[in-house]
Amino acid sequence: YISVTGVQTCALPILSSVVVRRRGLLLRVACREGRSGVTVRLYYTDPSCRRFEATVVSVRPVDGRPAIVLDRTAFYPTSGGQPFDLGHINDATVVDVVDDAEEILHVVSSDIPVGQRVTGVVDDARRFDHTQQHTGQHILSAAFDRAFGNRTVGFHMGADVSTIDLAGPVSP
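Residues numbered from 1 in each chain as written. Predicted model: local features only at pLDDT ≥ 70, side-chain atom pairs only at ≥ 80, totals over all residues. Heavy atoms only, no water.

*Asks:* How should I be thinking about the overall build of the chain in this particular structure?
*Replies:* The helix and strand tally for the chain stands at 2 helices and 14 strands. The buried share of the chain, taken over its 172 residues, is 34%. Partitioning the contacts of the chain with sequence separation of at least 6, the portion at a separation of at least 24 is 52%. Carbon together with sulfur atoms contributes 54% to the accessible area of the chain, which is approximately 10000 Å² in total. (Helix = DSSP H or I, 4+ residues; strand = E, 2+ residues; numbered from the N terminus. Buried < 20%, exposed > 50% of the residue type's maximum accessible area, 1.4 Å probe, protein only. Contact = heavy atoms within 4.5 Å. Areas by Shrake-Rupley, 256 points an atom, 1.4 Å probe, with all protein chains shown as cover.)

*Asks:* Explain the side chain of Asn150 to me, please; I cannot follow it from the model alone.
*Replies:* Within the element layout of this structure, Asn150 appears in the loop between helix 2 (124–148) and strand 13 (152–157). Once residues within four sequence positions are removed from consideration, Asn150 is found in contact with Phe144, Asp145, Leu166, Ala167, Gly168, Pro169 and Val170.

*Asks:* What exactly am I supposed to notice about the pattern of salt bridges here?
*Replies:* Two side chains that carry opposite charge are able to pair once their charged atoms sit near each other. In total, this model carries 6 salt bridges according to the counting rule given. Between Arg41 and Asp99 there is a salt bridge whose closest N-O contact spans 3.0 Å. Of the two residues, Arg41 is situated in strand 5 (residues 40–41) and Asp99 in strand 10 (residues 92–100); the sequence distance between them amounts to 58 residues. A relative accessible area of 4% places Arg41 in the buried class. (Salt bridge = Lys/Arg side-chain N within 4 Å of Asp/Glu carboxyl O.)

*Asks:* Is there a simple way to explain the sheet that holds strand 6 (residues 51–62) in this structure?
*Replies:* Whenever strands of a sheet pair, they do so through backbone hydrogen bonds, lying parallel or antiparallel. Read around the closed barrel, the 6 strands follow the order 6-7-11-10-9-12; overall the barrel is antiparallel. Between one strand axis and the next, the sheet turns through 45 degrees on average, direction left out of account. With 3 bridges connecting them, strand 7 (residues 65–70) and strand 11 (residues 103–108) associate as antiparallel partners. Residue Val69 lies in a different strand from strand 11, and its bridge partner there is Leu105. (Pairing = 2+ DSSP bridges. Axes fitted to C-alpha atoms, helices over the stretch in contact; angles between N-to-C directions.)

*Asks:* Looking at this structure, I do not really get the packing of aromatic side chains. What am I missing?
*Replies:* Each aromatic ring pair is summarised here by two numbers: the centre-to-centre distance and the angle between the ring planes. Tallied over the entire structure, the rule returns 4 aromatic pairs. Each ring, one from Tyr43 and one from Tyr44, has its centre 4.9 Å from the other, and the planes form 65 degrees; the classification is edge-to-face. In this structure Tyr43 comes out as buried when scored by relative accessible area, which is 7%. Put simply, the rings of Tyr43, Tyr44 and Tyr76 pair up and form one aromatic cluster. The ring centre of Phe84 lies 5.1 Å from the NZ or CZ of Arg126, which sits over that ring. (Phe/Tyr/Trp six-rings, centres within 6.5 Å; stacked < 30°, edge-to-face > 60°. Lys NZ or Arg CZ within 6 Å of the ring centre and 35° of its normal.)

*Asks:* Sorry if this is basic, but what is going on with the nonpolar core here?
*Replies:* Within soluble globular proteins, side chains that are nonpolar tend to cluster in buried spots. In terms of nonpolar packing, the biggest core is built from 22 residues, with Phe52, Ile68, Leu70, Phe75, Ile89, Ile112 and Val118 touching the most fellow members. For this core, the elements supplying multiple residues, two or more each, are helix 1 (42–45), strand 6, strand 7, strand 10, strand 11 and strand 12 (117–122). (Core = buried A, V, L, I, M, F, W, Y, C linked by side-chain atoms within 4.5 Å.)

*Asks:* How do you make sense of helix 2 when you look at a structure like this?
*Replies:* Because an α-helix completes one turn every 3.6 residues, residues spaced three or four positions apart along the sequence face the same direction. Over its 25 residues, helix 2 extends 36 Å from the first C-alpha to the last, a length consistent with the 36 Å expected when each residue adds 1.5 Å. Restricting attention to buried positions, one finds in helix 2 the residues Arg127, His130, Gln133, Gln137 and Ser141. Lining the buried residues of helix 2 we find helix 1, strand 12, strand 13 and strand 14 (162–166). You can read the cap of helix 2 off the contacts: a side-chain oxygen lies 3.1 Å from the backbone nitrogen of Ala125, and it is on Asp123. Directly beyond the C-terminal end of helix 2, a positive phi value near 65 degrees is found at Gly149. (Expected span 1.5 Å × (residues − 1). Polar contact = N/O pair within 3.5 Å; in protein donor to acceptor, adjacent residues only side chain to side chain.)

*Asks:* How should I be thinking about the environment of Val118 in this particular structure?
*Replies:* Looking at the element boundaries, Val118 is found in strand 12. Looking at Val118, the relative accessible area reads 1%, which means it is buried. Along the primary structure Val118 and Glu53 are separated by 65 residues, whereas in three dimensions their C-alpha atoms are 5.7 Å apart. Among all residues touching Val118, those that are not within four sequence positions of it are Phe52, Glu53, Ala54, Val56, Leu70, Ile89, Asn90 and Ile112.

Following this line, the structure appears as structure tokens:
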């Protein structure tokens with residue numbers, strides 16, 4: 001981290017395409033140096049990053065709202081049952097985050113022009129809640145698999161209720 005006027009901000013370099021092996025899982029980091037239209041996903045390389053600097057590389061409408069693509073982001077998109085992050089990019093509220101192939105679309109409340117340097121701030125309480133629920137799901141899924149041989153086939157994280165879908169009934 002580096003400190004900018006007393007606030008921590010992510011200071012990760014742009015990485016080449018990397019595959020990280022951790023506990024038998026492959027995590028592909030979607031960062032390709034020198035390719036336009038690819039958003040560097042800081043949430044893979046620095047999951048604790050909540051404040052970052054970026055540049056707007058394109059803007060397009062999504063459902064009547066502006067959606068900006070940044071050269072790098074810490075905003076997690078909806079994926080695998082986990083909801084998207086909320087927060088702000090400069091003064092604009094982030095109302096949705098969409099994974100669109102190699103780009104992350106940040107649907108925002110107001111326009112931000114292409115080329116502008118911006119500061120993104122992720123809603124820490126929401127991210128923490130999602131992280132805790134996601135970790136809990138992995139623990140419960142492992143327990144169902146080991147104790148009952150019952151694999152998880154789906155997971156949904158909601159504001160009030162989260163569900164784990166199992167391949168079969170649970171019985172001792």
